[in-house]
Amino acid sequence: MAVENEVNIRHIRQDFPMPSGKLEVLKDINIDLKGGEFVSIVGESGCGKSTLLRIIAGLDRPTDGEVLIGGERVAGVSSKVGILFQESRLLPWYSTERNIAYGLPKGMDKKEGRERVKTLIETVGLKGFEKALPSQLSGGMQKRVAIARTLAGRPKVLLLDEPFAALDAFTKMNMQEEILRIWGREKITTLLVTHDIDEAIYLGERVVMMSPKPGVIKRVIPIELPEDHSRTSDEFDSYRREIFKGFFGSDKRMSEFF
Amino acid sequence: MNKWQQMSVKYKVLSVCSVLLVLLIVLYWQVGAERGWFNTILLSSPSDIYKSFQNLWGSGSLQKHILVSFKRVMIGYLSGAGLGVLVGFILSTMHSLDRLLSFLMGIIRPIPALALFPLFILWFGIGEASKIVVIAFMSFWPTFLNTEEGVRQADKNLLELADALQKSRINKMFTVLLPSTLPYIFAGLRLAISRAWGGVVVAEMLAASSGIGFLIEYSRDMSQTASMFVGVITIAIIGCAVDMLLRFIQSRVCYWHTEV
Ligand SMILES: Nc1ncnc2c1ncn2[C@@H]1O[C@H](COP(=O)(O)OP(=O)(O)O)[C@@H](O)[C@H]1O
Ligand SMILES: [Mg+2]
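All values derive from a computational prediction rather than experimental measurement.

Colleague: Would you take a moment to explain the overall build of chain A for this structure?
Modeller: Counting its regular elements, chain A contains eight helices and 10 strands. Compactness check: chain A gives a C-alpha radius of gyration of 19 Å against a globular reference of 18 Å for 258 residues, within 12% of the reference. Dimensions along the principal axes, computed over C-alpha positions, put chain A at roughly 55 × 45 × 40 Å. In chain A, which comprises 258 residues, the proportion classed as buried is 52%. Restricting to contacts in chain A with at least 6 residues of sequence separation, those with at least 24 account for 66%. Carbon and sulfur atoms make up 50% of the accessible area of chain A, which amounts to about 12,600 Å² in all. Across chain A, the centroid of the 39 positively charged side chains sits 5 Å from that of the 38 negatively charged ones.

Listed below in structure tokens is the structure:
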């Protein structure tokens, strides 16, 4: 029996038809996530990261291959999977509260729903902004509403598409801590897509490196950091070096990045 | 909230000037009429128009004409525009039906409503029905086209979000499609009401024994230029007031839309 929240990505290929033939976006992607595992995917823009998440979420059909969640083949969207899109995608006509409630499971008890929304607002630190419209919130706050909305559905599998890319460094670090806390508490299987190497190392138990045209997996690096995940530790630095080297070849060019 | 307080000085000055401009024109008009700069048989002076207004209002006939026209516009407009929103929604969400009807719609749409008016009289009689139908016809198209465009312009990302959250079609309609279409619907409603006002006046000139259009046409027969102006100005004021009312409703209904 498969664990309810394990994810198997098997031989995923995705081609998009183009006027000049077909565009190969993903080619033979294989990743297995154990139940409750946190995996980061890093890769440059355009290598097919969002496309992969959309397939896992059941929003797009792959040209070939399959995704299994808890041993069941993904054939469409399901409440088991929560996706946080690259854009916040808040309904402009809804307040913070109602936007978060929009993510509650169907047919949930009203009172219970209200309680959950209230708890989530506290979790993402938006107390006092319950009635605010998206246009009255900063980009970072909007992102937090979107995160709360995704969590409102209590997904077993969480897909995060560059969730913190648009945030300033401080908000970003706070949100990263928050995600780790939530993940630690709820043991949601999490797949994070990012182009921020530090973020990938900091959050992931494994880092999947992707390269583009067509999108393939280049390497998978298991991450073992000291308990506090300190970003300034030697271990962290050596992972950073390893990934840079993986992407850019020589150690020399890498020094230009620091 | 207070719009006036938020305006920059430049805009305040310009707003005041735009009112002054109208006053200035009226003043020039009055002085010109008194000094005989133009023929007052063709262009009555503002004071004559005001006298004529007092007469028409005092006898209650102006109110009666306004009420009659207003009723025709409202019944025709509400049914035509309401149908426009409904059909716009249905066709833009049911693509095969839209395709099926596209040619038929394409043929009917370019026909000027007033060209159909004589036919409507033939079919529905010279009474209220033919006028209401012509106004409904006029109000239908702008609302229909705008509603369709609004649905087409709805944010694909939000619709996909609703799909990812497994919302039903009906739920998606009310939580995403309708709100994002509302600004377009209001644009259509505003366009339609101005068309409807224009339409009622012409219809009343052609075939009616009451209403503002009739008042203008009748005054021409009687060579009462000033009364003609009373009719025209009444239309202008009511049209302006209705548009302001619609804009107010829009700002309340589309509360998240800042630039109304
Ligand atoms: N629906 C689509 N049709 C055609 N091409 C697409 C479609 N979706 C994505 N692509 C292309 O696939 C490539 C990968 O896109 P994406 O998955 O968004 O990359 P990433 O998220 O890694 O930046 C891009 O070249 C993009 O233009
Ligand atoms: Mg992307």
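Colleague: Honestly, the packing of aromatic side chains in this entry has me stumped. Any pointers?
Modeller: Describing an aromatic ring pair means giving the distance of the ring centres and the angle of the ring planes. Residue and element names in this part refer to chain B. Tallied over the full model, the rule gives 18 aromatic pairs over all chains. A ring pair is formed by Trp123 and Phe124, whose centres lie 6.3 Å apart and whose planes are at 90°; its orientation type is edge-to-face. Residue classification places Trp123 among the exposed positions, given a relative accessible area of 54%. Judged by relative accessible area, which is 40%, Phe124 ranks as partly exposed. Ring pairs connect the aromatic residues Phe120, Trp123, Phe124, Phe137, Phe140, Trp141 and Phe144, which therefore count as one cluster.

Colleague: In this structure, what is going on with the site of ligand 1? I would like to understand it.
Modeller: Residues and elements named next belong to chain A. As a structural note, the neighbourhood of ligand 1 is formed by Phe16, Met18, Leu23, Val25, Ser45, Gly46, Cys47, Gly48, Lys49, Ser50 and Thr51. Cys47 places a polar main-chain atom, nitrogen or oxygen, 3.3 Å from an oxygen atom of ligand 1. Calculation on ligand 1 without its partners gives an accessible area of 560 Å², and the protein chains cover 60% of this total. When contributions to the shell around ligand 1 are tallied by element, the ones reaching two or more residues are strand 1 (7-18), strand 2 (21-33) and helix 1 (49-56).

Colleague: Explanation requested: the coordination of the magnesium ion (ligand 2) in the structure shown.
Modeller: Six octahedral donors around a metal ideally make angles of 90 or 180 degrees; four tetrahedral donors ideally make 109.5 degrees. Residue and element names in this part refer to chain A. Donor atoms from the polypeptide that coordinate the magnesium ion (ligand 2) comprise Ser50 (OG) and Gln86 (OE1), at 2.0 to 2.5 Å from the metal. A residue pair is termed long-range when its members are at least 10 positions apart, and Ser50 in helix 1 and Gln86 in the loop between strand 6 (81-84) and helix 2 (96-101) qualify at 36 residues. According to the relative accessible area criterion, Ser50 is partly exposed, its value standing at 24%.

Colleague: Hey, could you run me through the domain arrangement of chain B in this one?
Modeller: A common measure of how large an interface is: the accessible area buried when the components associate. All names here are of chain B. Segmentation of chain B into domains returns domain 1 (1-38) and domain 2 (45-253). For domain 1 and domain 2, the distance between their C-alpha centroids amounts to 29 Å. Between domain 1 and domain 2, the contact holds five residues from the first and six residues from the second. Carbon and sulfur atoms make up 70% of the area that domain 1 and domain 2 hide from each other, which totals about 430 Å². Counting every contact that joins domain 1 to domain 2 gives zero salt bridges. Where domain 1 meets domain 2, there are one residue pair in polar contact (both at pLDDT 80 or more). A per-class count over the side of domain 1 that touches domain 2 returns four nonpolar, one polar and no charged.

Colleague: Looking at this model, I keep getting lost on the nonpolar core. Mind explaining?
Modeller: General note: in soluble globular proteins, nonpolar side chains tend to be found buried as a group. By size, the foremost hydrophobic cluster in this structure holds 88 residues, and its most contacted members are Ile9, Leu52, Ile56, Leu159 and Leu191 of chain A together with Tyr77 of chain B. Among residues more than four places away in sequence, those in contact with Leu191 of chain A are Ile9, Leu33, Val39, Ile41, Leu53, Ile56, Leu158, Leu159 and Leu160 of chain A. The next biggest cluster of nonpolar side chains, apart from the first, holds 46 residues, and it includes Ile121, Leu126, Leu137 and Ile147 of chain A.

Colleague: How should I be thinking about the environment of Leu158 of chain A in this particular structure?
Modeller: All names here are of chain A. As for its placement among the helices and strands, Leu158 is situated in strand 7 (residues 157-161). Spatially, the C-alpha atoms of Leu158 and Gly65 are 21 Å apart, while their sequence positions differ by 93 residues. When sequence neighbours within four positions are dropped, the list of residues in contact with Leu158 reads Gly82, Thr150, Leu151, Ile188, Thr189, Thr190 and Leu191.

Colleague: Teacher, can you tell me more about the sheet that holds strand 1 of chain A here?
Modeller: Residues and elements named next belong to chain A. Overall, antiparallel pairing links the four strands, which are arranged 2-1-4-5 in an open sheet. In this open sheet, the two strands that pair with only one neighbour each are strand 2 and strand 5 (72-73). Pairing geometry for strand 4 (residues 64-69) and strand 5, over two bridges, is antiparallel. The residue bridging Leu68 from the neighbouring strand is Arg73, located in strand 5.

Colleague: Honestly, the interface of chain A and chain B in this entry has me stumped. Any pointers?
Modeller: At the junction of the two partners, chain A supplies 20 residues and chain B supplies 17 residues. Area buried by chain A at its contact with chain B is led by Arg89, Trp93 and Tyr102 of chain A, which between them contribute 45% of it. Joining chain A to chain B, the criterion identifies two salt bridges. A salt bridge links Arg54 of chain A to Glu160 of chain B, with the shortest nitrogen-to-oxygen separation between them at 2.4 Å. At the junction of chain A and chain B, the tally comes to 10 residue pairs in polar contact (both at pLDDT 80 or more). Partitioning the side of chain A that touches chain B into residue classes produces 12 nonpolar, three polar and five charged.

Conventions used here
Residues numbered from 1 in each chain as written. Chains lettered and ligands numbered in written order. Predicted model: local features only at pLDDT ≥ 70, side-chain atom pairs only at ≥ 80, totals over all residues. Heavy atoms only, no water. Helix = DSSP H or I, 4+ residues; strand = E, 2+ residues; numbered from the N terminus. Rg over C-alpha atoms; globule rule 2.2 N^0.38 Å. Buried < 20%, exposed > 50% of the residue type's maximum accessible area, 1.4 Å probe, protein only. Contact = heavy atoms within 4.5 Å. Areas by Shrake-Rupley, 256 points an atom, 1.4 Å probe, with all protein chains shown as cover. Lys, Arg positive; Asp, Glu negative; His and termini not counted. Charge placed at Lys NZ, Arg CZ, Asp CG, Glu CD. Phe/Tyr/Trp six-rings, centres within 6.5 Å; stacked < 30°, edge-to-face > 60°. Near = heavy atom within 4 Å. Polar contact = N/O pair within 3.5 Å; in protein donor to acceptor, adjacent residues only side chain to side chain. Donors = N, O, S within 2.8 Å, 3.2 Å for Na, K, Ca; no water. Domains from an automatic or database assignment. Buried area = accessible area lost by both parts, 1.4 Å probe. Salt bridge = Lys/Arg side-chain N within 4 Å of Asp/Glu carboxyl O. Nonpolar A, V, L, I, M, F, W, Y, C, P; charged D, E, K, R; others polar. Core = buried A, V, L, I, M, F, W, Y, C linked by side-chain atoms within 4.5 Å. Pairing = 2+ DSSP bridges.

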